[in-house]
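Descriptive structure summary
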Amino acid sequence: MEPENLPAIRAEGLTKTYGSGESTVHALRGVSLSVPRGEMVVLLGPSGSGKSTLLNILGGLDSPTSGRVFFDHDELTAFDDRHLTQFRREFVGFVFQFYNLIPSLTARENVALVTEIARNPMTPEQALELVGLGKRMDHFPAQLSGGEQQRVAIARAIAKQPRVLLCDEPTGALDSKTGIVVLEAIARVNRELGTTTMVITHNAAIARMADRILSMADGEIQRTETNPAPCAPAELSW
Amino acid sequence: MIEFLAPLDRKLARDLWAIKGQALAIAVVIGCGVGMYLMSKGMLASLADTRAAYYERYRFADVWVPVKRAPSAQLAHITELPGVRRAETRIRAGVILDVEGASAPITGEIQSLPFIRGPHINDFVLRRGRYPDPVREEEVLALEAFADAHNLAPGDHLYAILNGTKKKLTISGIALSPEYVYAISPGEIVPDKKRFGVLWMNRDALANAFDLDGAFNEVVLLTSTGDNQEPLLEQLDRLLKRYGATGAYGRDQQISDQFLTNEIQELETLGRLLPPIFLLVAAFLLNVVIGRLVDTEREQIGLLKAFGYSNSAVALHYLKMIGVITFLGIVVGVALGLWLGHGLARLYMDYFKFPFLLFRAPPEVYLVGIGFCLLVSAAGTFTAVRKVVRLDPAVAMVPPPPPDYSRSGRWLEMLTRWIDQPSRMILRHLYRWPKRAAMSCIGIAMSMGLLIGASFSMDAVMVMVDISFNVIDRQDVTVNFVEPRNIRAVQDVLHAPGAMTAEPFRAIPVVLRNGPRTRREAVIGLAPQPELSRVVDTDLNPVVLPDYGIVLSDKLAELLAIETGDTLRMEVRTGRRPEVDVVVSGIVKTYMGTAAFMDLAEMNRMLRDDMVISGTYLLIDPEQADAFYRALKNTPVVAGVSLQEQAQNAFYDTLQDSLGTFVFFNTLFAGLIAIGVVYNSARISLSERGRELASLRVLGLTRGEVSYILLGELAVLTLLALPLGALLGYLLAWTLVQSFDTELFRIPLIINPSTYGHAALVVLFSAAASGLLVHRRIQRLDLIAVLKTRE
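Everything in this summary refers to the structure shown in the same document. Quick caveat, the model's predicted, so the values are computed rather than measured. (Residues numbered from 1 in each chain as written. Chains lettered and ligands numbered in written order. Predicted model: local features only at pLDDT ≥ 70, side-chain atom pairs only at ≥ 80, totals over all residues. Heavy atoms only, no water.)

1. Considerations on the overall build of chain A
A tally of regular secondary structure across chain A gives 6 helices and 10 strands. In terms of overall size, chain A behaves like a compact globule, its C-alpha atoms giving a radius of gyration of 17 Å where 238 residues would be expected to give roughly 18 Å. For chain A, the spread of C-alpha atoms along the principal axes amounts to about 50 × 40 × 40 Å. Going through the 238 residues of chain A one by one, you find that 57% of them count as buried. The long-range share in chain A, meaning contacts at least 24 apart out of those at least 6 apart in sequence, stands at 72%. Just so you have it, chain A exposes about 9700 Å², and 47% of that area is on carbon and sulfur atoms. For chain A, the separation between the mean place of its 23 positive charges and that of its 28 negative charges on side chains is 2 Å. (Helix = DSSP H or I, 4+ residues; strand = E, 2+ residues; numbered from the N terminus. Rg over C-alpha atoms; globule rule 2.2 N^0.38 Å. Buried < 20%, exposed > 50% of the residue type's maximum accessible area, 1.4 Å probe, protein only. Contact = heavy atoms within 4.5 Å. Areas by Shrake-Rupley, 256 points an atom, 1.4 Å probe, with all protein chains shown as cover. Lys, Arg positive; Asp, Glu negative; His and termini not counted. Charge placed at Lys NZ, Arg CZ, Asp CG, Glu CD.)

As structure tokens, this is what we get:
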């Protein structure tokens, strides 16, 4: 076991550029950060600030142009595609703005899709209970509201008991009331399972529920704040 | 170049480029249909036109009247008959030819040249050399195919047994004749250029040889009767009865023309059956591709409409896309059709000896082909374009709700309770879109059906040949005598070195009548239980010929509309020419021709002849074949010989050349269809479900696992298509068997298991190849891009 003080995720000097020559776009211009174990981190920034790129790199979906990413002891940036797939399969849970549920599978089956291939999963039922959907397990995505679909997506992301949960604008497509229900599910997972959680948003109001707030602009982390007293999602409003 | 286009047309160009693989696959399938149509219809027209022109220009006879010996003065009476435009007499006889280097005797025909050169009936086309000198008895013209096969040129020599006398002849020229477009020896099934020769000789010389001075043994006529030839044939028979007329016949029984007509019929069938299959598949592919493209572009369509593009402008945009693909298909089709057509024309020139045969499809064939193709495209894309027109912009710009899978069948749920989620996705997806699944399945099945339908003919013909050569006609050699002879002649033949067993037969020309139905046939008299040339029933068991009545082949019975036990009027056209009522004592199976059989003794009793035979079937010792042939070539009484083994070999060669080519192209086309269907289905699924699949990749599913979901569905469809394809293939084969049922041939409906297997393999291979192409695209799936956009 690794010492308790080792951060869950550590990044050093990440850059990411697209294109070449005059049309080069610098999505990340040297980002370093370290996310302590079990923390709830909110990554704040306007669109185009590089936050999604950073999240994708931290989750093993994308690779940086330069710089290194460490997950516990492993250097993620040294992995090939097969290892990255394996990494996502075992350690990372993703939640997206548009849910990305499989329409041909019920809520339970969408979660089972992941638990079938995970090493130490909870049952789909437990995961769905955790997000408050114990009663709607056998519904297909088409029969669920947007908020419910997003909560299924969260259940699906956490059912494998990942080390980190990465959420990209999880409330972006939802109204504030539904959004708060979704954030409550995320907060509960973070609290009860101790899953290191990163939430991307451009909605500053959400930042109040975080232990740590990273503000990004122009591909750089402009400011890091720690929040000694995160509030419960129910207290948020926007 | 793209910069000069209107924005919508630029979108069109780029969209087309984006789906270039699919567009090409559809265009190729359309192209196969159009090409097949052009080829068969064009070849049909070319063949029919060439035949008509050739017959017209060289005055191909309408009627032939063979007689034994008639005085030349009879010509005047014949010319006076109503409906006769022109009549000419000639001498025509069977000969045995001997060419240096050929061990086996060659069967041939020799005809007299008209006294005066000029336009004649059945005129020939002099290809090389010159006409025989009227005063040189030994000079002859030779049929081009035969001369070429033996490398004979003007000035070369060959030997012929003319009425029992062996003569050395000199070839003065090489010719073609409309009577021998398909130069085939009577009783054979495929032409063998080496083993059948035709010569033309000065009339005086031939008359001398056959003792026909001032006489003739055949009249050829041009008539003005049109289709109603029968009364004239009857009159000719009556008029020439006392000169031994064996029965006048028209073009429908002229062997070369019969085969030509048969070929034209086959082309017609292929042109009618196969192209629609391709075009049907093309329509289906267009339907699927354009339909789903419209689905994935609904937001863009809504946007365009919101910007103020009219319904028709947006519909036109998609119509243009369909138009480009269809046009591409037509271009491919025309090119393919011309290429195949020219190839086929070259192949035909090997079998059908025309002075020229150019593949030229008449304009209406292009018009019909292209028109049909446009119609098919329109039909295939109608619903998709209608959807474009009807789409409400406000609705279109809202993303579609996730497809509802909640109405999944209960049985399916029971069935899938224990399987993993990816497999469940496959089954639910199939269940949710049954029409789409069925269409893909049918498309794949069609390719397999086509393949079976094309290749089965090879199986069937092989069986037909096997039955004909190994079950029915088991003799090595058939010897025809110049004149009917006493059965003792068999002993003479058996004296030849190598001859082992002999069985006599007698063939007599007859006219068979059942009410208004009349057939001019030859009846074969056989020993009651022949061992060599046998008569078999529908189960291929040898039949013992009853000692009464006549046994008919199934086809002849069908043509005469008669059954076992019925009575038939038989007018014998030889010897004492009795006209008797005979009972049909049995009906037997034959795959070739329209044969009729009698007990030999009964036949001779009926003719009030002693034991007379016209030839004998023989088994020979293969070791002594050469010696036997040498003896035969010097036997004066022999008029014709046919050798089973060589006939069989010629048949297999022909089969490889013609059917083999046909099967090869159909395999290619069927493979293209299978690829077209599977590739298109997979590509569209990929574009529709890209997000879903990318999500799975993000969740940690490997590329293999993701490919499984997409390709597993296609695998299921392909597997389901196999039995369906086998069924379609059987149906297609059945249809082909029905339409190839002619007087000349019938093919049995026999499909070897290996043909099914081969077809299944081609389909599986094509599906796997398409799967691999799509799998590579899954490899390149851009996870981030797919997840960020809302499609």
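Text resumes after the structure shown.
2. What about the interface of chain B and chain A?
Facing 29 residues of chain B, the contacting portion of chain A comprises 31 residues. Both faces combined, the contact of chain B with chain A buries some 2800 Å², and carbon together with sulfur accounts for 61% of it. On the chain B side of the interface with chain A, the three residues burying the most area are Gln 421, Leu 699 and Ile 784 of chain B, jointly 22% of the side's total. At the junction of chain B and chain A, the tally comes to 5 salt bridges. Across the salt bridge formed by Glu 109 of chain A and Arg 424 of chain B, the nearest N and O atoms sit 2.9 Å from each other. In this assembly, chain B and chain A are joined by 10 residue pairs in polar contact (both at pLDDT 80 or more). Sorting the residues of the side of chain B that touches chain A by element identifies α13 (421-432), α19 (644-698), α20 (703-739) and α22 (783-788) of chain B as the ones contributing at least two each. With 6 residues, α19 of chain B is the largest single contributor of residues to the side of chain B that touches chain A. Here the side of chain B that touches chain A is composed, by residue class, of 13 nonpolar, 5 polar and 11 charged. (Buried area = accessible area lost by both parts, 1.4 Å probe. Salt bridge = Lys/Arg side-chain N within 4 Å of Asp/Glu carboxyl O. Polar contact = N/O pair within 3.5 Å; in protein donor to acceptor, adjacent residues only side chain to side chain. Nonpolar A, V, L, I, M, F, W, Y, C, P; charged D, E, K, R; others polar.)

3. So, the nonpolar core
Leu 54 and Met 198 of chain A together with Met 43 and Leu 696 of chain B are the most contacted members of the largest nonpolar core, which has 187 residues in total. Among the elements that make up this core, the one with the highest residue count is helix α7 (residues 255-296) of chain B (21 residues). Three or more residues apiece are contributed to this core by two domains, here domain 1 (18-57 + 261-341 + 355-400) and domain 2 (58-258) of chain B. When sequence neighbours within four positions are dropped, the list of residues in contact with Leu 54 of chain A reads Leu 14, Leu 28, Val 31, Leu 33, Leu 43 and Met 216 of chain A. Residues Ala 107, Leu 128, Ala 157 and Cys 231 of chain A belong to the second largest nonpolar core, which totals 40 residues. (Core = buried A, V, L, I, M, F, W, Y, C linked by side-chain atoms within 4.5 Å. Domains from an automatic or database assignment.)

4. Topic: the packing of aromatic side chains
The way to describe two aromatic rings as a pair is by their centre distance and the angle between their planes. Residue and element names in this part refer to chain B. Inspection of every chain in the model, using the stated rule, returns 18 aromatic pairs over all chains. Between the aromatic rings of Tyr 54 and Tyr 58, the centroid separation amounts to 5.4 Å while the plane-to-plane angle is 70 degrees, which identifies the pairing as edge-to-face. Residues Tyr 180 and Trp 200 carry aromatic rings whose centres are separated by 6.3 Å and whose planes lie at 75 degrees to one another, so their mutual orientation is edge-to-face. Of this pair, Tyr 180 sits in the loop between β8 (165-176) and β9 (196-202) while Trp 200 is found in strand β9, placing the two residues 20 residues apart along the sequence. Judged on exposure class, the residue Tyr 180 and its partner Trp 200 are both buried. One aromatic cluster in this structure is built from Phe 124, Tyr 131, Tyr 180, Phe 196 and Trp 200. Note that Arg 432 overlies the ring of Trp 433, its terminal NZ or CZ placed 4.4 Å from the centroid. If you follow Arg 436 out to its NZ or CZ, it ends over the ring of Trp 433, 4.7 Å from the centre. (Phe/Tyr/Trp six-rings, centres within 6.5 Å; stacked < 30°, edge-to-face > 60°. Lys NZ or Arg CZ within 6 Å of the ring centre and 35° of its normal.)

5. Brief notes about empty space enclosed by the protein
Per the stated rule, a full pass over the model turns up 3 cavities of 30 Å³ or more. Each pocket or cavity is described by its volume, and for the largest cavity that value is around 90 Å³. Its residues placed into classes, the lining of the largest cavity shows 5 nonpolar, 4 polar and 3 charged. (1 Å grid on protein atoms, 1.4 Å probe; cavity = no way out; pocket = protein on both sides within 12 Å on 5 of 7 lines; lining within 4 Å. Points joined across faces, edges and corners; volume = space filled by probe spheres on them.)

6. Some points on the sheet that holds strand β1 (residues 63-71) of chain B
Residue and element names in this part refer to chain B. Read across the open sheet, the 4 strands follow the order β2-β10-β1-β11; overall the sheet is antiparallel. At either margin of the open sheet sits one strand with a lone partner, and together these are β2 (84-90) and β11 (249-250). As judged from the 6 bridges shared by β2 and strand β10 (residues 215-223), these two strands associate in the antiparallel manner. Along β10, the bridge assignment pairs Val 84 with Thr 223. Across the sheet, helix α6 (residues 230-239) lies against β1, β2, β10 and β11, angled at about 10 degrees from β1, the strand it touches most. (Pairing = 2+ DSSP bridges. Axes fitted to C-alpha atoms, helices over the stretch in contact; angles between N-to-C directions.)

7. Side note on the packing of α19 of chain B against α20 of chain B
Axes are the key here: two packed helices are described by the angle between their axes and the distance separating the axes. All names here are of chain B. The N-to-C vectors of α19 and α20 enclose an angle of 145 degrees; their axes lie 10 Å apart at closest approach. Here α19 runs over α20; the crossing is right-handed. When α19 is examined against α20, the residues Val 678, Ser 681, Ala 682, Ser 685, Leu 686, Arg 689, Leu 693, Leu 696 and Arg 697 are found in contact with a partner set consisting of Arg 703, Val 706, Ile 709, Leu 710, Glu 713 and Leu 714. Partitioning the contact of α19 with α20 into residue classes produces 9 nonpolar, 2 polar and 4 charged. (Left-handed = near helix turned anticlockwise from the far one by under 90°.)

8. Some details on the pattern of salt bridges
One side chain can pair with another of opposite charge once the charged atoms of both are near each other. Under the counting rule described, the total for this entry stands at 59 salt bridges over all chains. For Arg 119 of chain A, the salt bridge identified is with Glu 90 of chain A, shortest N-O distance 2.8 Å. Of this pair, Arg 119 of chain A sits in the loop between α3 (107-115) and α4 (124-130) while Glu 90 of chain A sits in helix α2 (residues 81-91); the two residues are 29 residues apart in sequence, bridging distant segments of the chain. A cluster of three or more residues bridged by salt bridges with shared partners is formed by Glu 230, Glu 234, Asp 237, Arg 513, Arg 520, Glu 571 and Arg 573 of chain B.

9. Description of unusual backbone geometry
Residues and elements named next belong to chain A. Positive phi values are uncommon outside glycine, yet Asp 218 reaches one of about 50 degrees. Among the structural elements, Asp 218 can be located in the loop between β9 (212-217) and β10 (220-226). A residue is classified by how much of its surface remains accessible, and Asp 218, at 55% relative accessible area, is exposed.

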